[in-house]
Amino acid sequence: KVNEVIRAIFVKDGVGPMPAHKNLIKSVKNYDNPWMQPRTQRDRWARKLPIKDLGKEKAETMLFVGCTTAFDNTQWHVAQNTAKILLKGGVDLGMLGKDEICCGSPVARIGDRETFMNLARRNIELLNASGVKDIVAFCPGCFRALNHDYPEVPDAPELKAKIYHTSQYIDKLILEGKLKMNKALNMRLTWHDPCHLGRHLGIYDPPRRILSAIPGVELVEMERIKDQSWCCGGGGGARTAFMDFAQKTATKRLQEAKKTGAQAVVTACPFCEQNLGDALSKMDDGMELYDLTDLLIKALEIE
């Protein structure tokens with residue numbers, strides 16, 4: 001919190017944002033996403049999936065997709081997997097599609113509080129108007145913004161829906177008997193705790209329970225886990241402004257994973273997947289990287 005307050009003071013005083021972050025902020029202001037992508041392309045990942053359009057009909061649960069997963073086609077598999085898993089669990093699922101806007105987390109982390117608070121107020125109004133009971137977000141940055149940051153925004157109304165991270169919601173469906181995993185994967189895996197999900201919000205057990213529930217999975221832990229977990233290097237504006245630093249950080253984390261004897265690292269964050277994935281592609285040591293939903297799709301035998 002101290003770090004973010006200092007960043008906000010720097011931005012307010014004109015010392016920040018850093019040059020590399022200015023385009024990100026400009027994009028969020030102009031396009032409602034940090035990737036300079038047109039709003040009309042936000043729902044391309046979902047065009048063959050039976051998800052309700054919340055602008056046209058009601059649903060009990062909303063999938064909050066987030067900008068990175070919506071616009072980066074290498075991340076579409078996470079959104080598609082999540083939707084398929086929730087639908088298989090009998091969830092009445094909808095999304096905002098082209099009307100979804102950035103949660104504001106990227107601009108908040110780099111100190112532009114004014115832009116963040118404007119986005120937060122717009123989002124709360126949009127999400128409340130949808131009438132959904134639950135909101136499921138798989139980007140930990142989005143999840144933290146909706147669940148933790150929005151209640152602190154001055155003069156903002158309360159967000160009415162209950163906010164879940166994907167791992168929490170899927171864990172709930174498994175415990176309720178709505179998802180049954182039958183296919184054995186026979187894999188030795190290690191879990192990487194995303195910063196926003198782990199040390200920021202204390203969600204450690206749901207993803208580990210899910211992995212342990214998959215037949216044939218052996219879960220082994222790295223030396224630094226949970227609140228002591230080593231960052232992937234991709235968040236907090238680091239990857240945007242300091243790519244070399246971000247990649248060195250990711251390489252250290254992957255080396256730590258390798259020591260466990262695991263054949264793959266599993267996580268649940270688009271930024272972690274981007275940054276760890278780039279570093280892994282340069283290491284060429286046979287280790288694999290999965291989003292949690294990639295494994296669930298296999299274990300649940302979903303096409």
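Look up a bit, the structure's there.
Please read these numbers as outputs of a predicted model, since none were measured by experiment.

Peer 1: What is the right way to read the pattern of salt bridges from this model?
Peer 2: A side chain with one charge may pair with a side chain of the opposite charge, provided their charged atoms come close. In total, this model carries 19 salt bridges according to the counting rule given. Residues Arg188 and Glu218 are paired through a salt bridge, measuring 3.0 Å at the closest nitrogen-oxygen approach. Of this pair, Arg188 sits in strand S6 (residues 187–191) while Glu218 sits in strand S7 (residues 217–219), placing them 30 residues apart in sequence. When its relative accessible area of 40% is taken as the criterion, Glu218 is described as partly exposed. Two residues, Arg208 and Glu221, come together in a salt bridge whose shortest N-O distance is 2.7 Å. Here Arg208 is found in helix H9 (residues 205–213), whereas its partner Glu221 is found in the loop between S7 and helix H10 (238–241), with 13 residues between them in sequence. For Glu221, a relative accessible area of 32% translates into the label partly exposed.

Peer 1: Sorry, what's going on with the sheet that holds strand S4 (residues 134–137) here?
Peer 2: Strand pairing in a sheet relies on backbone hydrogen bonds, with the paired strands running either antiparallel or parallel. Spatially, the five strands line up as an open sheet ordered S1-S3-S2-S4-S5, and their pairing is parallel. Two strands lie at the open edges of the sheet, namely strand S1 (52–53) and strand S5 (162–165), each paired on one side alone. In this structure, strand S2 (residues 61–64) lies alongside S4, joined through four bridges in parallel fashion. Bridging across to S4, Phe64 finds its partner in Ala137. Running at roughly 165° to S2, helix H4 (residues 76–88) makes contact with S2, strand S3 (93–95) and S4 of the sheet.

Peer 1: I'm lost on the state of the cysteines in this one. Help?
Peer 2: Two cysteines form a disulfide when their sulfur atoms are joined by a covalent bond. In the structure shown here, the tally under the stated rule is zero disulfides. No disulfide involves Cys102; its sulfur sits 4.0 Å from that of Cys67, the nearest cysteine. The buried category is assigned to Cys102, whose relative accessible area is 1%. Of all cysteine sulfurs, the one in Cys272 lies closest to Cys232, which takes part in no disulfide; the gap is 3.7 Å. For Cys232, a relative accessible area of 3% gives the class buried.

Peer 1: How do you make sense of the environment of Thr69 when you look at a structure like this?
Peer 2: Along the polypeptide, Thr69 turns up in helix H3 (residues 67–71). Along the chain, Thr69 and Phe271 lie 202 residues apart, while their C-alpha atoms are 9.3 Å from each other. Dropping the residues within four chain positions of it, Thr69 is found in contact with Gln75, Trp76, Val78, Ala79, Phe138 and Pro270.

What counts, and at which threshold
- Residues numbered from 1 in each chain as written.
- Predicted model: local features only at pLDDT ≥ 70, side-chain atom pairs only at ≥ 80, totals over all residues.
- Heavy atoms only, no water.
- Salt bridge = Lys/Arg side-chain N within 4 Å of Asp/Glu carboxyl O.
- Helix = DSSP H or I, 4+ residues; strand = E, 2+ residues; numbered from the N terminus.
- Buried < 20%, exposed > 50% of the residue type's maximum accessible area, 1.4 Å probe, protein only.
- Pairing = 2+ DSSP bridges.
- Contact = heavy atoms within 4.5 Å.
- Axes fitted to C-alpha atoms, helices over the stretch in contact; angles between N-to-C directions.
- Disulfide = S-S within 2.5 Å.

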